[in-house]
Amino acid sequence: AGTLFLRLIFMLVIPLLFSALIIGVAEMGDVRSLGRVGWKTLGYTVVASGIAVALGLVLVNWLQPGAGVDPVAAQAMLAQGADRAKDIVGATASQPKGLDMLLAIVPDNVVKAAAENTILAVMFFALMLGIGLVLTRTPATETLLRGIQGLFEVSMTLIGLVIRLAPYAVFCFMFNLAALFGWDLLNSLGKYVGVVVLALAIHLFVVYSLMLKFLGGWSPAKFFRASQEAMVMAFSTASSNATLPVSLRVAEEKLHLPPKISRFVLTVGATANQNGTALFEGVTVLFLAQFFGVDLSLTQQITVMFVCILGGIGTAGVPAGSLPVVALICGMVGVPPEGIGLILGVDRFLDMCRTTLNVTGDLMLAAVVSKGEEDADAA
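Residues numbered from 1 in each chain as written. Predicted model: local features only at pLDDT ≥ 70, side-chain atom pairs only at ≥ 80, totals over all residues. Heavy atoms only, no water.

**Q** Even after reading the chapter, I still don't get the overall build of the protein, so can you show me in this structure?
**A** Summing up its helical and strand segments, the protein has 20 helices and zero strands in all. Buried residues in the protein amount to 54% of all 379 residues. Of the roughly 16,100 Å² of accessible surface on the protein, a fraction of 67% belongs to carbon and sulfur atoms. (Helix = DSSP H or I, 4+ residues; strand = E, 2+ residues; numbered from the N terminus. Buried < 20%, exposed > 50% of the residue type's maximum accessible area, 1.4 Å probe, protein only. Areas by Shrake-Rupley, 256 points an atom, 1.4 Å probe, with all protein chains shown as cover.)

**Q** Help me understand the packing of helix α16 (residues 275-291) against helix α18 (residues 323-332), please; the structure alone is not making it clear to me.
**A** Contact pair α16 / α18: the axes reach a minimum separation of 10 Å and the direction vectors enclose 45°. Our classification of the angle between α16 and α18 gives oblique. Judged by the sense of rotation from one axis to the other, the crossing of α16 with α18 is right-handed. Facing α16, whose interface residues are F280, E281, T284, V285 and L288, α18 presents V325, V326, I329 and C330. Partitioning the contact of α16 with α18 into residue classes produces seven nonpolar, one polar and one charged. (Axes fitted to C-alpha atoms, helices over the stretch in contact; angles between N-to-C directions. Parallel < 35°, antiparallel > 145°, perpendicular 65-115°, else oblique. Left-handed = near helix turned anticlockwise from the far one by under 90°. Contact = heavy atoms within 4.5 Å. Nonpolar A, V, L, I, M, F, W, Y, C, P; charged D, E, K, R; others polar.)

**Q** Even after reading the chapter, I still don't get the packing of aromatic side chains, so can you show me in this structure?
**A** Note on aromatic pairs: each is described by the distance of the centres and the angle between the planes. Taken as a whole, this structure holds six aromatic pairs when the rule is applied. Between the aromatic rings of W218 and F223, the centroid separation amounts to 6.4 Å while the plane-to-plane angle is 85°, which identifies the pairing as edge-to-face. Per residue, the accessibility class of W218 equals that of F223, and both read buried. Pairing F291 with F292 gives two aromatic rings, centres 5.3 Å apart and planes at 80°, and the pair type is edge-to-face. Members of the aromatic cluster, connected to one another through ring pairs, are Y192, F287, F291 and F292. (Phe/Tyr/Trp six-rings, centres within 6.5 Å; stacked < 30°, edge-to-face > 60°.)

**Q** Just to check I follow, could you spell out unusual backbone geometry for this structure?
**A** Excluding glycine, most residues fall at negative phi; most peptide bonds, likewise, are trans. Even without being glycine, Q64 reaches a positive phi, approximately 50°. In this structure, Q64 sits in the loop between α3 (36-63) and α4 (71-78). Judged by its relative accessible area of 33%, Q64 falls in the partly exposed class.

**Q** What is the right way to look at the pattern of salt bridges in this model?
**A** Oppositely charged side chains can form a pair if their charged atoms are brought close together. Counted according to the given criterion, the structure contains four salt bridges. R354 is paired through a salt bridge with D351; the nearest N and O atoms lie 3.6 Å apart. One end of the pair, R354, and the other, D351, are both in helix α19 (residues 340-370), three residues apart, so they sit about a helical turn from each other. On the basis of relative accessibility, which here comes to 1%, the residue R354 falls in the buried class. Owing to a relative accessible area of 5%, D351 belongs among the buried residues under this scheme. Here the residues in one salt-bridge network are E229, R249 and K254, joined through shared partners. (Salt bridge = Lys/Arg side-chain N within 4 Å of Asp/Glu carboxyl O.)

**Q** Hey, could you run me through a nonpolar patch on the surface in this one?
**A** Residues F205, V206, L210 and F214 make up a contiguous nonpolar surface patch of about 440 Å² in total accessible area. As for its position among the elements, L210 is in helix α11 (residues 183-215). (Patch = residues over 30% accessible without salt bridge, like charges linked within 9 Å, V, L, I, M, F, W, Y side chains within 5 Å.)

**Q** Could you clarify how one ought to interpret the state of the cysteines in this entry?
**A** Cysteine pairs can be covalently joined through their sulfur atoms, and such a bond is termed a disulfide. Summed over the entire model, instances satisfying the criterion amount to zero disulfides. For the unlinked cysteine C330, the closest cysteine sulfur is that of C308, found at 9.5 Å. (Disulfide = S-S within 2.5 Å.)

**Q** I would appreciate a short explanation of α16 in the present structure.
**A** Helical geometry note: an α-helix holds 3.6 residues per turn, so side chains three or four residues apart project in the same direction. Taking 1.5 Å per residue as the helical rise, α16 with its 17 residues ought to reach 24 Å, and the 24 Å between its terminal C-alpha atoms agrees with that figure. Taken across its 17 residues, α16 has 17 buried, putting it largely inside the fold. In the segment just after α16, G293 is the residue with positive phi, at about 70°. (Expected span 1.5 Å × (residues − 1).)

**Q** When you look at the side chain of T356 in this model, what are you seeing that I'm missing?
**A** As for its position among the elements, T356 is in helix α19. Here T356 falls in the buried class, since its relative accessible area comes to 11%. When near neighbours in sequence (up to four residues on either side) are disregarded, T356 contacts M231, A234 and F235.

**Q** Looking at this model, I keep getting lost on the confidence of the model for the protein. Mind explaining?
**A** As a note on interpretation, predicted positions should not be read in detail where pLDDT is low. Per-residue pLDDT for the protein averages 77, and the proportion of residues at 70 or more is 73%. Every residue in residues 80-95 scores below 50 in pLDDT, and together they form 16 contacts with partners more than four places removed in sequence or on other chains. Long-range and interchain partners of residues 375-379, a stretch whose pLDDT sits below 50, account for two contacts in this model, where long-range means more than four residues apart. (pLDDT = per-residue confidence, 0-100.)

Structure follows, in structure tokens:
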């Protein structure tokens with residue numbers, strides 16, 4: 001059951017990530033009409049996501065939640081998925097280094113890149129295709145975009161069906177893992193949850209407060225009071241997409257943001273501005289690397305950070321939407337992707353927490369971007 005669940009997740013990774021990233025970029029088509037609003041949105045999104053991932057990586061390197069597990073026990077767990085782990089780790093071992101790695105981001109054959117799970121190359125092609133759709137507005141490209149939107153919606157529907165198997169997969173994973181690891185596993189999972197929640201809390205209450213105060217001229221206390229309804233909805237549903245209607249109403253009725261700006265920023269942000277997801281992905285990859293004794297170099301950690309920032313754009317705003325991206329990033333840096341089975345038991349709670357950060361980040365972004373825009377419109 002656990003292997004079936006993993007295979008279904010891997011099956012949907014490329015179409016989900018590919019279509020979500022293209023749509024996220026293509027929705028920036030309003031950049032030309034909104035001018036500086038679009039560029040401010042993009043700039044603040046990259047800055048906030050970069051800070052989130054860096055914060056997560058610093059905490060996980062400092063607190064070492066996955067360290068100290070018996071290597072023999074870790075290898076015993078890997079033996080269950082040895083064939084797939086061997087294929088993926090073998091592929092990552094032959095990845096190019098240095099300048100060749102930068103050149104490899106540009107694929108000479110995107111189909112081959114997708115078949116080999118070369119995620120950066122696939123993301124680059126998706127980014128270029130999204131930019132092309134933004135710059136080329138014709139009936140034919142609108143039809144193409146609708147087709148990609150259809151692929152995205154189908155992928156999300158299938159992910160939703162697969163996630164229904166999660167309780168059974170969790171039972172199978174946790175039964176086997178508890179038998180193998182005992183209290184070592186529970187202790188490591190407790191530390192892991194603690195690090196993720198601590199990083200999310202620091203980013204929510206410290207980083208967002210500083211950005212609101214110094215970039216938007218907002219009182220953080222006033223902002224968080226007005227945003228409570230959307231934050232509660234996000235925590236309950238664990239879905240940025242499901243919370244979007246509430247976020248739009250909060251932005252206009254509670255925060256009194258300009259509708260034109262709030263609608264643009266929040267709609268794009270539901271897909272593109274997912275700080276909590278980016279942070280979670282970075283922490284999880286490093287936690288699993290520590291758990292399995294995989295020593296990641298500084299270059300590899302920077303690569304993880306870069307992919308997590310892009311992953312925040314290309315991750316579906318639905319429950320457990322980031323798990324396929326985590327599995328793929330693990331495969332990139334030589335961490336056994338089957339290790340996501342370790343975190344499935346606690347992922348629902350962490351999903352609720354990171355979605356709250358995602359939705360609050362969208363509202364924060366709309367508030368910061370709105371600064372000065374009303375005066376500019378009036379002028």
